[in-house]
Amino acid sequence: MNTRLHHLAEAHNARFGTSGVRGLVSDLSDAVCYAYAQAFLRSIATDSARVVVGHDLRPSSPRIAAACIQAIRDAGREAVFVGALPTPALAYYCALQRAPGIVVTGSHIPFDRNGIKFYRADGEIDKADEQAILDAEVAVPDALSPAPLPAVDASALEAYVARYTAFFGEGALAGMRVALYEHSSVARDVLRTVFERLGAEVLSLGRTDTFVPIDTEAVRSEDIAQARAWAQAHRFDAILSTDGDADRPLIGDETGTWLRGDVVGILCAQYLHADVVVTPVSSNTAVEKCGAFRQVLRTRIGSPYVIAGMDTQRGAGRVVGYEANGGFLLGSDVEYGEAIGASAAETAGVGAGSVGTGGFGSAELGSAGFGSAEVATDGPEATQKCLPAGAARLKALPTRDSLLPMLALLAMARAKGCPVSQLADALPRRFTASDRIQNVPTEFSRALIARLQQTPAEAAALMAPDAGDVIAIDTTDGLRTSFATGEIVHLRPSGNAPELRCYAEAADEPRARALCDACLARIAASA
């Protein structure tokens, strides 16, 4: 019997969140996953003969992928199964093949939950596409028994590796030593492949077959302590990790201190000499205060909103986006020629600067793996000399990616001859912190935020009673409150799980952390 997908989705609590479908594994039955894939084919991927399918390393992901593949086959289409691989790798392969795709992943949320993300041939679906999928009619077979997963086509993974090794050039990171916190990241093997091909020495740490829900916006205390312990036990230039499906990076410096994702985004945008930066309202305001970009556009939280914002800037030069979780989106091709490192809006008469054949300077490396060439350590000149000269173009990839910001920061550190810990020294002194209360009904969070919007005095008392008067309220996404001290506290229900998130910003890191922790503690006590 035919039914609208949204009826089935509501009955099984499997709904679209911030990015993709999310639900408890127990609710994501074969029938529900089959129906979602069928609705995608009927509403969005209507004319495609081939559909790419991949998944992360969650225990439930292969089963869900099999249900989606069965829907593709029953529709008379070919399913190209690319196996376990990073979400951005699948998105990139879809663009190369001009084919739609489905990736089964719950990203950073706990292993008892999972999800499905959908890609058109030209990129991640948007909110209008989500509604079209929900409105589609579906018909699930009464006796649904998905066939075993087919053999893996390795072409997608190979293309993703080639994207970055060709652009940066083999040997580009020779002499550097990187530690990979592998845990259960689907990228743990591909990261090693890329960094070794670029010449880096790779140290593997923390690999496990038990799924670890790494949230790059709310790093667990045990991961903070573990990274610092590893830094004391091992020498490395950076420690690198990702969330489960590898569309969000977790980047630590040589001391084992994890960098905030919105600082990573600013540095990567500077490395690429971006003209326009699109980022959600929750990101660090240093992106405006640093003065490095011609325009900064703020959006709601979630990659579909960042992508929509980048789309409005087509033709405005070199356009990039990032989220506070560190996921980086490339909205336009990055091209090099006579003007290596010049922005797309600048003239082509700028010289290439003093760079070697790899684009990172030709000085011999010191013991820590940093170049010793005399280059500027901040400003546009330094950015120009950080950019690689070995490849003509890095194609746009308008979906979150973890690998580009990793490579950008290592390349920048090598070019500047400084450790990763010093890369952000030239940025304005603004620090962010974030965390969340788990297992909070979304209805409670929404009611709380609605009440605080109407009563600024209560908002001040609950969010930051020692930060002075409320001077501005931003309701772009949740409740973002600016105080007389210049500090910011932002509350927002998660779009992926029953969680209430808090973001705080201040002039120093301990104060930002204290604002966030205290706000959540007061909310928990009053609930």
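Here the structure is a predicted model, which means the values were calculated and not measured.

What counts and what doesn't
- Residues numbered from 1 in each chain as written.
- Predicted model: local features only at pLDDT ≥ 70, side-chain atom pairs only at ≥ 80, totals over all residues.
- Heavy atoms only, no water.
- Helix = DSSP H or I, 4+ residues; strand = E, 2+ residues; numbered from the N terminus.
- Contact = heavy atoms within 4.5 Å.
- Areas by Shrake-Rupley, 256 points an atom, 1.4 Å probe, with all protein chains shown as cover.
- Buried < 20%, exposed > 50% of the residue type's maximum accessible area, 1.4 Å probe, protein only.
- Phe/Tyr/Trp six-rings, centres within 6.5 Å; stacked < 30°, edge-to-face > 60°.
- Lys NZ or Arg CZ within 6 Å of the ring centre and 35° of its normal.
- Pairing = 2+ DSSP bridges.
- Axes fitted to C-alpha atoms, helices over the stretch in contact; angles between N-to-C directions.
- Core = buried A, V, L, I, M, F, W, Y, C linked by side-chain atoms within 4.5 Å.
- pLDDT = per-residue confidence, 0-100.

With respect to the overall build of the protein
Link 1 in the chain: Per the secondary structure count, the protein includes 16 helices and 25 strands.
Link 2 in the chain: A separation threshold of at least 6 residues defines the contact pool for the protein, and within that pool the share at least 24 residues apart is 72%.
Link 3 in the chain: Counting every atom, the protein has about 19500 Å² of accessible surface; 49% of that belongs to carbon and sulfur.

Some remarks on the side chain of Asn 325
Link 1 in the chain: Position of Asn 325 among the secondary structure elements: in the loop between strand S16 (319-322) and strand S17 (328-330).
Link 2 in the chain: Using a relative accessible area of 3% as the deciding quantity, one classes Asn 325 as buried.

Describing the packing of aromatic side chains
Link 1 in the chain: Applying the stated criterion across every chain yields a total of eight aromatic pairs.
Link 2 in the chain: Ring centres of Phe 168 and Tyr 271 lie 6.5 Å apart, and the angle between their planes is 15 degrees; on these two criteria the pair is classed as stacked. Taken as a pair, Phe 168 in helix H6 (residues 155-168) and Tyr 271 in helix H9 (residues 261-271) lie far apart in primary sequence, 103 residues in all. The residues Phe 168 and Tyr 271 share a single accessibility class, namely buried.
Link 3 in the chain: Among the aromatic residues, those joined into a cluster by ring pairs are Phe 16, Tyr 36, Phe 40 and Phe 118.
Link 4 in the chain: Over the aromatic face of Tyr 92 sits the side chain of Arg 163, whose NZ or CZ is 4.8 Å from the ring centroid.

What about the sheet that holds strand S10 (residues 177-183)?
Link 1 in the chain: With respect to topology, four strands assemble into an open sheet ordered S11-S10-S12-S13, the strand pairing being mixed. With one partner strand each, in any of the chains shown, strand S11 (201-207) and strand S13 (249-252) form the two edges of the open sheet. Pairwise comparison of adjacent strand axes, ignoring direction, gives a mean angle of 20 degrees for this sheet.
Link 2 in the chain: Here strand S12 (residues 238-242) pairs with S13 via four bridges, running antiparallel. Residue pairing in the sheet places Thr 242 in a bridge with Pro 249 of S13.

What to know about the environment of Thr 216
Link 1 in the chain: Secondary-structure assignment places Thr 216 in the loop between S11 and helix H8 (221-233).
Link 2 in the chain: With a relative accessible area of 5%, Thr 216 lands in the buried category.
Link 3 in the chain: Spatially, the C-alpha atoms of Thr 216 and Ala 324 are 8.7 Å apart, while their sequence positions differ by 108 residues.
Link 4 in the chain: Those residues in contact with Thr 216 that lie beyond four places of it in its chain are Asp 243, Arg 248, Pro 249, Leu 250 and Asn 325.

Examining the nonpolar core
Link 1 in the chain: Core analysis: the largest hydrophobic core is formed by 73 residues, its most contacted members being Phe 168 and Phe 195.
Link 2 in the chain: When residues of this core are assigned to their parent elements, the largest contribution, ten residues, is made by helix H13 (residues 403-416).

Observations concerning the confidence of the model for the protein
Link 1 in the chain: Scored by pLDDT, the protein comes out at a mean of 88, with 89% of its residues at no less than 70.
Link 2 in the chain: pLDDT under 50 marks residues 337-391. Its contacts with residues more than four places away, or in other chains, come to 111 contacts.

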